[in-house]
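Observations on chain architecture
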Amino acid sequence: MRKIYVIGIGAGDPDQLTVQAVKALRRVDVFFLLDKGDRKSDLIGLRHEILRRHAGEPAGESGQGRGYRLVEVRDPERERAADGAGYPGTVDDWRSRRAALYERAITDELSGGEGPDEDEGPGRGSTGAFLVWGDPSLYDSTLAILEEILARGSVRFEYEVIPGISSVSALAAGHRVGLNRVGGPVQITTGRRLAEGWPEGVDDVVVMLDAHESFRHHLAADPVIHWGAYVGTDDEILVSGRLSEVADRIGELRSAARARKGWIMDTYLLRRDPGLSGGTPPDRP
């Protein structure tokens, strides 16, 4: 039976891997790396660095030997302009195209070991892994894609999820704040949802996947924002303060960072009634 590990690799610092994750890395025969194109080549570079530090030696040039192999899977393009009612359908279509690529890679690169017709060639191995940025349970499609593949029934495998340090946890640590206040809830949402309005019943809101600076919709309420980009990496940027005072600076930093790297990954905590919990970190470009 093929075995797949879905391993959370943290928010960007190779030292954020858990001991459980490191142990899982060392059991893997084939790592499937998602290629998002030249603009995000440093994401592949980070995964290579994690494997260099924690996974042992790769297989030889022929692919033989006891070490692991790397298989790059080209990420299908997704329609970014879709909005409103069309957004879920666009995401479903993109996930299905990803699932087809993952299914082929798992079938071709891992030995099932389930019968006489299964290829048990030397060096092929039956254990694969996907390295997931942050934590696999939070705004990541890998688990849903694997379930879709299993539902199709054309390839059998079991899979195990290894949790990782999310960008949300890394953001809170970087700013030295708790995500919730005493007895209070915290909600994690997307920029798309935040643009529709502040969530009901919460004063502390964590926002991910915000391509349009949706925090600007809430300038009148003037909450405190704890914002971070590339959290946990050498390019980390942290800014904290009242939204009315730092919104423009965050916008400038986002634009400059995107121009420099070709992409940006940021997360932030919005907190109404500021000053009731948490520290005040320095503004670190």
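Every residue gets a number counted from 1 within its own chain, in the order that chain's sequence is written. Side-chain atom pairs in this predicted model are given and counted only at pLDDT of 80 or more, local residue features only at pLDDT of at least 70, and totals for whole chains, interfaces and linings cover all residues. Just so you know, side-chain values use all the structure's heavy atoms and leave hydrogens and water out.

Turning to the overall build of the chain, a few remarks are in order. Strands are runs of DSSP state E lasting at least 2 residues, helices are runs of H or I lasting at least 4, and numbering of each runs from the N terminus. Helices and strands together make up the secondary structure of the chain, namely seven helices and ten strands. Each residue is placed in one exposure class: buried if its accessible area under a 1.4 Å probe, protein chains only, is under 20% of its type's maximum, exposed if it is over 50%, and partly exposed if it falls in between. By the burial criterion, 48% of the 285 residues in the chain qualify as buried. At a minimum sequence separation of 6, the contacts of the chain that also span at least 24 residues come to 71%. Here the accessible surface of atoms and residues is derived via Shrake-Rupley with a 1.4 Å probe, and residues count as covered only by protein chains that are part of the display. For the chain, the computed accessible surface area is about 14100 Å², with 47% contributed by carbon and sulfur atoms. We call two residues in contact whenever any of their non-hydrogen atoms come within 4.5 Å of each other.

What follows concerns the nonpolar core. Ranked by size, the top nonpolar core spans 44 residues in total, and within it I7, L25, F31, I225 and W227 carry the most contacts. Looking at this core element by element, the count peaks at six residues for helix α7 (residues 243-261). Excluding anything up to four places from it in sequence, I225 contacts F215, V239, S240, G241, L243, V246, I250, Y268, L269 and L270. Take the buried Ala, Val, Leu, Ile, Met, Phe, Trp, Tyr and Cys residues and link them wherever side-chain atoms come within 4.5 Å; each set so joined is a nonpolar core. Counting residues in hydrophobic clusters, the runner-up holds 19 residues, among them F32, V73, A99 and I145.

Looking now at the pattern of salt bridges. By convention in these notes, a salt bridge is any Lys or Arg side-chain nitrogen within 4 Å of a carboxyl oxygen on Asp or Glu. Tallying each qualifying case throughout the model produces 19 salt bridges. A salt bridge links D75 to R98; the shortest N-O distance between them is 2.7 Å. Of the two residues, D75 sits in the loop between β3 (69-74) and α3 (86-109) while R98 sits in helix α3, which places them 23 residues apart along the sequence. A relative accessible area of 12% means that D75 is categorised as buried. Of the residues examined, R98 reaches a relative accessible area of 5% and is grouped as buried. Measuring nitrogen to oxygen at the nearest pair gives 3.6 Å for the salt bridge that ties R242 to D222. Highlighted residues: R242 in strand β9 (residues 237-242) and D222 in the loop between β7 (204-208) and β8 (224-229), separated in sequence by 20 residues. Here the salt bridges do not stand alone but share partners, grouping E213, R216, D248, R254 and D266 into one network.

Here is the rule: rings of Phe, Tyr and Trp (six-membered ring for Trp) pair when centre to centre is within 6.5 Å. Planes less than 30 degrees apart are stacked, more than 60 are edge-to-face, and the remainder are tilted. In total, this model carries six aromatic pairs according to the counting rule given. A centroid spacing of 6.5 Å and a plane angle of 50° characterise the contact between F157 and Y159, whose relative ring orientation is tilted. The exposure class of Y159 is partly exposed, given its relative accessible area of 25%. Here a set of aromatic residues connected by ring pairs shows up, and it is made of F32, Y102 and F130. For the cation-ring pair, K261 lies above Y230, with the distance from its terminal atom to the ring centre recorded as 5.2 Å. Either the NZ atom of lysine or the CZ atom of arginine qualifies as a charge over a ring when it sits within 6 Å of the ring centre and within 35 degrees of the ring normal.

Moving on, we come to the confidence of the model for the chain. For the chain, mean pLDDT is 87; residues scoring 70 or higher make up 84% of the total. Residue-level confidence of the predictor is what pLDDT reports, using numbers from 0 through 100. Note on residues 274-282: pLDDT under 50 across the span, and 18 contacts to partners over four residues away in sequence or across chains.

Moving on to α7. With 19 residues, α7 ought to run about 27 Å at 1.5 Å a step, and its terminal C-alpha atoms sit 25 Å apart, in line with that. Looking only at α7, the buried set comprises L243, V246, A247, I250, G251, L253, R254, A257 and K261. At its buried positions, α7 is contacted by α2 (41-54), β8, β9 and β10 (266-271). Just beyond α7, the residue with positive phi is G262, at close to 90°. One fewer than the residue count of a helix, multiplied by 1.5 Å, yields its expected span.

Right, let's talk about the sheet that holds β8 for a bit. When DSSP locates at least two bridges between a pair of strands, those strands are taken to pair. Taken in spatial order, the five strands line up as β6-β7-β10-β8-β9 in an open sheet, and their pairing is mixed. What marks the edges here is a single partner per strand, and that holds for β6 (186-190) and β9. The sheet shows a mean angle of 15° between the axes of neighbouring strands, taken without regard to direction. Strand contacts of helix α5 (residues 167-175): β7, β8, β9 and β10, with the helix running at about 115° to β8, the strand carrying the most contacts. Note on geometry: axes are C-alpha line fits, over the in-contact stretch for helices, and angles between N-to-C directions span 0 to 180 degrees. On top of the sheet, α7 reaches β8, β9 and β10; it is set at about 160° to β9, its chief contact.

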